[in-house]
Amino acid sequence: MSQTSIIITTYNNPVWLEKVLWSYSCQTRKDFEVVIADDGSKDETRELIEAMRSQVPFPIRHVWQEDDGFRKCRILNQAIMQARRKQRHRAAFGRQQPG
C-alpha cells in the first residue's frame, strides 16, 4: 500500500494532467499514489488516466463527479475519503496550472 496520497484536481485539461502525471513519475521516491479529483471532465480525461495507469510507476485513482458547475470542494472531499492513506489529513495536494 502507498504511504502517501497526492491529490490533484482536474477539469477538462488532459494536456496539463498528462504533464503533471509524467512529472510525478520522475520523482526519486515511488511510494505514493495519485488520486485525481475530477470535477466532471469529458471522456478524453478519463481515457488519458486509463492509458497513464500502465505507464507510470505509481497507482492512480480517478474520483469523478458529474459536471454540476464549479464544485471543487465537493470532489476534493470525495478524493480525500477515497485516498488509501490511513492519516487522510496528511495527504499532499497538487494543483494543475492553467495552460
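Quick caveat: nothing in here was measured; it's all calculated off a predicted structure.

Conventions used here
- Residues numbered from 1 in each chain as written.
- Predicted model: local features only at pLDDT ≥ 70, side-chain atom pairs only at ≥ 80, totals over all residues.
- Heavy atoms only, no water.
- pLDDT = per-residue confidence, 0-100.
- Contact = heavy atoms within 4.5 Å.
- Salt bridge = Lys/Arg side-chain N within 4 Å of Asp/Glu carboxyl O.
- Buried < 20%, exposed > 50% of the residue type's maximum accessible area, 1.4 Å probe, protein only.
- Helix = DSSP H or I, 4+ residues; strand = E, 2+ residues; numbered from the N terminus.

K.L.:
When you look at the confidence of the model for the protein in this model, what are you seeing that I'm missing?
P.N.:
Detailed reading of the predicted coordinates is not advisable wherever pLDDT falls low. Per-residue pLDDT for the protein has a mean of 84; in total, 82% of the residues score no lower than 70. Throughout residues 87-91 the model reports pLDDT below 50, and contacts reaching past four residues in sequence, or to other chains, amount to 6 contacts.

K.L.:
Hey, could you run me through the pattern of salt bridges in this one?
P.N.:
Any two side chains of opposite charge can pair if their charged atoms end up close together. Scanning the model with the defined rule gives 4 salt bridges in all. Two residues, R29 and D31, come together in a salt bridge whose shortest N-O distance is 2.7 Å. Looking at D31, the relative accessible area reads 29%, which means it is partly exposed. The partner of E50 in a salt bridge is R46, and the shortest N-O contact between them spans 3.1 Å. With a gap of 4 residues between them, E50 and R46 both fall in helix α2 (residues 43-53), about one helical turn apart. Classification of E50 as partly exposed rests on a relative accessible area of 42%. Since its relative accessible area comes to 32%, R46 is described here as partly exposed.

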